[in-house]
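Examination of the molecular architecture
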Amino acid sequence: MSFDAITSIAQAEDAAKVAVSYARAQAKQMEADAEVSGQEAIRTALAKAEDELKKLREQSDIRATENAAKFSGKLENKKAVLQAAAEARMGKAAELIAERIVNG
């Protein structure tokens, strides 16, 4: 093999080593960029999820308050009906008690 051929092969090998080193460096940089981008995407998604959760909790609290007010009103109505019925029966109960005491 001639000296020129050996020199040419050595230069080609050196160029290949440089190209491989450059490719590895680029791959490492791309990996680091992807890591940063992925972490940023995770933070963004987490912030969005927390915001949506906050909105859902607020809506849930509003609905719970509205439902509690509705049930409270219904219970007050039932209480008034039961109290009126009890008061209406009170007179008859008093008559029965008095009759039992008198008749003994």
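Just above, that's the structure.
Summary of the structure given here. This one's a predicted model, so the numbers in the text were calculated from it and none came from an experiment. (Residues numbered from 1 in each chain as written. Predicted model: local features only at pLDDT ≥ 70, side-chain atom pairs only at ≥ 80, totals over all residues. Heavy atoms only, no water.)

Okay, the overall build of the protein chain next. What the protein chain contains, in helices and strands, is one helix and zero strands. Its C-alpha atoms give the protein chain a radius of gyration of 44 Å, more than 25% over the compact-globule value 13 Å for 104 residues. With the C-alpha coordinates of the protein chain rotated into their principal frame, the extents come out at 145 × 25 × 10 Å. When the accessible surface of the protein chain is split by element, carbon and sulfur atoms take 60% of a total near 9600 Å². (Helix = DSSP H or I, 4+ residues; strand = E, 2+ residues; numbered from the N terminus. Rg over C-alpha atoms; globule rule 2.2 N^0.38 Å. Areas by Shrake-Rupley, 256 points an atom, 1.4 Å probe, with all protein chains shown as cover.)

With that settled, the discussion passes to the pattern of salt bridges. Here the structure, examined in full by the defined rule, presents one salt bridge. Between Asp51 and Lys55 there is a salt bridge, and its shortest N-O distance comes to 3.5 Å. Here Asp51 pairs with Lys55, and both are found in helix H1 (residues 3-103), just four residues apart, close to one helical turn. (Salt bridge = Lys/Arg side-chain N within 4 Å of Asp/Glu carboxyl O.)

Looking now at the environment of Ala84. Structurally, the position occupied by Ala84 is in helix H1. Judged by its relative accessible area of 42%, Ala84 falls in the partly exposed class. Taking the C-alpha atoms as reference, Ala84 lies 110 Å from Ile9; in sequence the two are 75 residues apart. (Buried < 20%, exposed > 50% of the residue type's maximum accessible area, 1.4 Å probe, protein only.)

Between its terminal C-alpha atoms H1 stretches 142 Å, which fits the 150 Å expected from 101 residues at 1.5 Å a residue. Largest kink in H1: about 30 degrees, centred on Met90. (Expected span 1.5 Å × (residues − 1). Bend = angle between axes of the 7 residues up to and from the residue.)

Turning our attention to the environment of Val20. Residue placement: Val20 occurs in helix H1. Relative accessible area serves as the criterion here: at 40%, Val20 is assigned to the partly exposed category. Sequence-wise, Val20 and Glu58 are 38 residues apart; in three dimensions their C-alpha atoms are separated by 57 Å.

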